[in-house]
Amino acid sequence: MGTDYTAMWKDLGLNLESHDALLGVLGNAYKDIFLTQKNRPEGMGYFDFVMSEVHGLRIKELLDEKAQGRKIIGSYCVFVPEEIALAANATLVGLCSGADFAMEEVERYLPRNTCALIKSAFGFKLGQVCPYLESADMIVGENTCDGKKKAYESLGPLTGNLYVMDLPQTKSDRGKDLLRHEYDRFKTAVEALTGVAVTPESLKEAIKTVNAKREALHRLSLLRKTDPAPISGLDALLANQVSFYDNPARFTASVHTICDELEKRIAGKQGVAPEKTPRILLSGCPMAVPNWKLPWIIETSGAVIVGEESCVGERGARNLTDGSGTTMDELMDAIADRYFKVDCAIFTPNGDRLGHITDMAETYQADGVIHYGLQFCQPYIMESIPVEKALEDRNIPCLRIETDYGMEDAGQIKTRVEAFIERIIG
Ligand code: BJ8
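Residues numbered from 1 in each chain as written. Predicted model: local features only at pLDDT ≥ 70, side-chain atom pairs only at ≥ 80, totals over all residues. Heavy atoms only, no water.

**Q** Before we go on, may I ask you to explain the packing of aromatic side chains in this structure?
**A** Any pair of aromatic rings gets described here by the distance separating the centres and the angle formed by the planes. Enumeration according to the criterion identifies 13 aromatic pairs in this entry. Ring geometry for Tyr5 versus Trp9: centroids 6.1 Å apart, planes at 45 degrees, classification tilted. Overall, Tyr5 belongs to the buried group, its relative accessible area being 6%. Ring geometry for Phe340 and Phe347: centres 6.3 Å apart, planes at 85 degrees, overall edge-to-face. For the pair shown, Phe340 and Phe347 are each scored as buried. Each residue in the set Tyr30, Phe34 and Trp292 is aromatic and connected to the rest through ring pairs, giving one cluster. One Lys or Arg, Lys171, reaches over the ring of Phe347 and ends 4.4 Å from the middle of that ring. Across the ring face of Tyr339, the terminal group of Arg338 is positioned such that the distance to the ring centre comes to 4.5 Å. (Phe/Tyr/Trp six-rings, centres within 6.5 Å; stacked < 30°, edge-to-face > 60°. Buried < 20%, exposed > 50% of the residue type's maximum accessible area, 1.4 Å probe, protein only. Lys NZ or Arg CZ within 6 Å of the ring centre and 35° of its normal.)

**Q** Looking at this model, I keep getting lost on the site of the ligand. Mind explaining?
**A** Taken together, 16 residues are adjacent to the ligand, and Cys115, Cys145, Cys311, Cys344 and Cys377 come closest. Each residue belonging to the shell around the ligand can be placed in one class, and the counts come to 13 nonpolar, one polar and two charged. (Near = heavy atom within 4 Å. Nonpolar A, V, L, I, M, F, W, Y, C, P; charged D, E, K, R; others polar.)

**Q** How do you make sense of the sheet that holds strand β3 (residues 138–142) when you look at a structure like this?
**A** Sheet strands pair via backbone hydrogen bonds, and the direction of the pair is either parallel or antiparallel. Reading across from one edge, β2-β1-β3-β4 is the order of the four strands in this open sheet, with parallel pairing throughout. Each having just a single partner strand, β2 (90–94) and β4 (162–165) make up the two edges of the open sheet. Direction aside, the axes of adjacent strands within the sheet are offset by 30 degrees on average. With three bridges connecting them, strand β1 (residues 71–75) and β3 associate as parallel partners. Considered in β3, the bridge of Ile73 is made with Met138. The sheet contacts of helix α4 (residues 57–67) involve β1 and β2, and relative to β2 the element is tilted by about 155 degrees. (Pairing = 2+ DSSP bridges. Helix = DSSP H or I, 4+ residues; strand = E, 2+ residues; numbered from the N terminus. Axes fitted to C-alpha atoms, helices over the stretch in contact; angles between N-to-C directions. Contact = heavy atoms within 4.5 Å.)

**Q** Can you help me understand the packing of helix α17 (residues 351–363) against helix α18 (residues 378–393) in this one?
**A** The description of two helices packed together rests on the angle between their axes and the distance between the axes. Two elements in contact, α17 and α18, have axes separated by 10 Å at closest approach and are oriented at 50 degrees. As far as their axial angle goes, α18 and α17 are oblique. Seen along the crossing, α17 lies across α18 with a hand that is right-handed. Between α17 and α18, the contacting residues are Arg353, Leu354, Ile357 and Thr358 on the first element and Tyr380, Glu383, Pro386, Val387, Ala390 and Leu391 on the second. Here the contact of α17 with α18 is composed, by residue class, of seven nonpolar, one polar and two charged. (Parallel < 35°, antiparallel > 145°, perpendicular 65-115°, else oblique. Left-handed = near helix turned anticlockwise from the far one by under 90°.)

**Q** Just to check I follow, could you spell out the side chain of Arg265 for this structure?
**A** In this structure, Arg265 sits in helix α13 (residues 248–267). Among the polar contacts made by the side chain of Arg265, one reaches the main-chain carbonyl oxygen of Arg40 at a distance of 3.2 Å. Once residues lying within four places of it in the same chain are set aside, the contact partners of Arg265 are Asn39, Arg40, Pro41, Pro230, Gln270, Gly271 and Val272. (Polar contact = N/O pair within 3.5 Å; in protein donor to acceptor, adjacent residues only side chain to side chain.)

**Q** Looking at this structure, how should I read the environment of Ala345?
**A** Secondary-structure assignment places Ala345 in the loop between α16 (328–340) and α17. Sequence spacing of Ala345 and Pro295 is 50 residues, and the spatial spacing of their C-alpha atoms is 21 Å. Not counting chain neighbours up to four residues away, the residues in contact with Ala345 comprise Asn350, Arg353, Pro379, Tyr380 and Glu383.

**Q** Before we go on, may I ask you to explain the pattern of salt bridges in this structure?
**A** Side chains bearing opposite charge may pair, as long as their charged atoms lie close to each other. According to the stated counting rule, one finds 39 salt bridges in the structure shown. The shortest N-O distance in the salt bridge between Arg423 and Glu392 comes to 3.1 Å. Residue Arg423 is located in helix α19 (residues 410–425), and its partner Glu392 is located in helix α18; the two are separated by 31 residues in the primary sequence. Taking the relative accessible area as the measure of exposure, Glu392 reaches 29% and is therefore partly exposed. One salt-bridge network, in which partners are shared between bridges, spans Glu309, Arg315, Arg318, Asp343, Arg353 and Glu383. (Salt bridge = Lys/Arg side-chain N within 4 Å of Asp/Glu carboxyl O.)

**Q** Before we go on, may I ask you to explain helix α10 (residues 173–194) in this structure?
**A** Since the α-helix turns once every 3.6 residues, residues separated by three or four places project in the same direction. Along its 22 residues, α10 runs 32 Å from first to last C-alpha, staying within 8% of the 32 Å computed at 1.5 Å per residue. Buried within α10 are the following residues: Gly175, Leu179, Arg180, Glu182, Tyr183, Phe186, Lys187, Ala189, Val190, Glu191 and Thr194. Summarising the contacts, the buried residues of α10 are in contact with β1, α5 (82–87), β2, β3, β4 and α16. Two residues or fewer past α10, Gly195 is found with a positive phi of approximately 75 degrees. (Expected span 1.5 Å × (residues − 1).)

**Q** Help me understand the sheet that holds strand β7 (residues 368–374), please; the structure alone is not making it clear to me.
**A** In space, the four strands of this open sheet follow the order β6-β5-β7-β8, with parallel pairing throughout. Lying at the two open borders of the sheet, with one neighbouring strand each, are β6 (304–309) and β8 (398–403). Shown here is a sheet whose adjacent strand axes are inclined to one another by a mean of 25 degrees, direction ignored. Two elements, strand β5 (residues 279–284) and β7, share five bridges in a ladder whose sense is parallel. Across the sheet, residue Gly284 finds its bridge partner in β7, namely Tyr372. Sheet strands in contact with α17 are β5, β6 and β7, and its direction is about 165 degrees off that of β5. α19 rests against β5, β7 and β8 of the sheet, and its axis sits at about 175 degrees to β8.

Quick look at the structure:
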């Protein structure tokens, strides 16, 4: 980073030494994984810049917004509706939980057999290393998996500004009523935070902004149907990761710029890997920055990732919100309708997800699916068994990987991935 942001980080209460260490690890991993890729689209330069300024310029922008009276809301889950935050003059940012930090301290609060994503959220707080977390005026936790809902009981007192949203566990009418009710309650809480009443007009405008972002991501996804793949899975994942904290309008424009470039590549049959490179669909737990381990292993083992069935991917961005309503009730119903379709593994039963995975494998012409389960994540690991069965029933090979954020098992995973790719090639 060219600018010195030390004073800003200090004002936010970051532990400068630990923060430096984290930035060092992040920067080195990024250089080794992303900047060594061949045939990257030029448009990825924007995302390289965003990543180099992820704790710098973007945080400064958020703090400048705060100085103008805007509030920042941090979230850990795609069930928190960005539309409502934007309509009440707040900015929603994803609180990434993709790296181990301060693990000894974390294990004073959480059992060892807690998933790495939850541990990471605690590590970032306890280590005082995340400027997004520290600049947030409100942090939203959601009652999704058991790990998260119990962990929020301990995270609340550590942050002092945690708001907990209840979520249904079944796709029933009662479940949908609960979600709608919780979104009303969230709207009231955000209005109280910002002092700005949401109106049908502001909500419609916010729906438009968020839909535009999702449409750009849909465009990017669909371009990956082609062979040769015009963009790597790592770069596409990065775009999805950045969508959680970039300015929405700027992000949308940048994704369209890449898509324009990819269309030209497709016309010229130019890919990131040669035609007929084995194509993998990645499915499972979300991958937050800087969790790039598995995609990196896959794409350095002779395959290309052509889609992500994940909350940092198609599950998170799949559906648009119907913005045609004119009253508050109609628009809030439309928001609840849209989010109720998210097929997170915390729902039981969750048959829609099986259908989405098989559809995606067919749409993106995947030769095989790798299911990624974070160790100790019961919902996704349990669901990986029926997922594998549904895929194998359709003759789509599936490999189930269970891992965490450490690199100790990277060699072993690489061996399994290479064997899987061999199997696909036949
Ligand atoms: S909508 S996937 S973002 S909850 S990996 S913490 S499930 S034990 S992250 Fe998620 Fe919302 Fe669902 Fe998406 Fe628990 Fe599993 Fe850990 Fe997880």
